[in-house]
Amino acid sequence: MFARTYRQNLVLVSEQSFWGEVETCKIHDLLYELCLRQARSENLLPVINSKPRNSVTRVSLSSKRDCLMIVRPINIFYWLNSHRCDQKKIRTIVYQGARRHAGRESLGFKNFKMIRVFDLRKLYFHREIPTLVFDLVHLRYLSLYVGNHEYLPLFNLQNLQILIIEIGKNWADSIPLNIWRMPQLRTLRFMKSGWLCPPIMPSGEEEHAVLEHLHTITGVGPAWCEKEIFALMPNLKNLEIVLNRVAHELWIPVSSLPLIETLRIIVGKMDDNIFAQYQLNARKKFLKYRSTFPPTLRRLTLGGTCLPWEAMDIVGMLPNLVTLELEDDACGVESETTWEPTEGGFP
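Residues numbered from 1 in each chain as written. Predicted model: local features only at pLDDT ≥ 70, side-chain atom pairs only at ≥ 80, totals over all residues. Heavy atoms only, no water.

A few words on the overall build of the protein chain. Within the protein chain, the regular secondary structure consists of 8 helices and 17 strands. Looking at the protein chain residue by residue over its 347 residues, the buried ones come to 44%. Across the protein chain, contacts joining residues at least 24 apart in sequence account for 53% of those joining residues at least 6 apart. As displayed, the protein chain has an accessible area near 19,100 Å², and 50% of this comes from carbon and sulfur atoms. (Helix = DSSP H or I, 4+ residues; strand = E, 2+ residues; numbered from the N terminus. Buried < 20%, exposed > 50% of the residue type's maximum accessible area, 1.4 Å probe, protein only. Contact = heavy atoms within 4.5 Å. Areas by Shrake-Rupley, 256 points an atom, 1.4 Å probe, with all protein chains shown as cover.)

Moving on to the state of the cysteines. Under the criterion given, the structure shown has 0 disulfides. Free cysteine cysteine 306: the closest other cysteine sulfur is in cysteine 331, separated by 8.9 Å. Residue class for cysteine 306 comes out buried when judged on its relative accessible area of 2%. (Disulfide = S-S within 2.5 Å.)

Next up on the list: the nonpolar core. Counting 74 residues, the largest nonpolar core has Leu142, Trp195, Met233 and Leu239 as its most contacted members. Of all the elements, helix α8 (residues 310-315) adds the most residues to this core, at 4 residues. Taken domain by domain, this core gets at least three of its residues from each of domain 1 (42-48 + 63-170) and domain 2 (216-346). When residues no more than four places from it in sequence are discounted, the contact partners of methionine 233 are Ile179, Trp180, Leu211, Leu214, Ile217, Trp224 and Leu257. (Core = buried A, V, L, I, M, F, W, Y, C linked by side-chain atoms within 4.5 Å. Domains from an automatic or database assignment.)

Put into structure tokens, the structure is as follows:
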């Protein structure tokens, strides 16, 4: 529906994410007035002032249909649990309160079995995320904060399409994820840091699992960049890699992605001594695999990679490249280095 209105210039995209997703859009004032009149006539998405005031906002398609709950104080989950009539209608819960710790007893999920969207990224769970979250089999969207948890049982979320995980101070370096039982997964995002631990490779019943719908992965470490893993994501188009060490085998697996269009490679937090060693090795490691940039790339972003400036000559020959972004320390180690594009590059 959106694509059709966009093609007809009824909706204008004003802001897009790095990955090309629409974040905000604008419409003509005449179309806006038409939408308002139609919404009023159909009683579409009225805001209901629920109690306690200013604590939870309910937005409903109608009094008898699905609704969205915007929760602010954490104790409002108690209030939600006491309203069984609402529980049957709720399809979306978004926590927008202040960041805070939440105990397992604060949240009762067993009565919200029909939820499709659950945003809990601003909540810190003391020991483990309540297992009932992972029993919500109808979820399409799940956003979580992960600190020192050891296990995320994702295997029941077979309808999940978008998974967003914010990584806490303790990282999640040792948590292996099993993503192969989520065949509808389209977007996998790791925020704040790189998810270094690679996913558990499929075996047994999952041995032939392929995530055909997965098109975007952000915030993964170089351990994810293996041919065996990428082979199970044949339609991947957007990829962000966070380096924490010299990943000399990085370029070959990335070049094996047949549909990759957007690639972002950045260096995460490193000790000064480790980064100095990384700078010394970056040039020779890249030159060894210099011919392996994917030709399908349309957008490339590099940051902290310390590649030799000769790499830009290779990038300049990519036939489909539209956007190149070089962040700090993307190329060159010596401050006096001067680079000039070669003839025929960056057409």
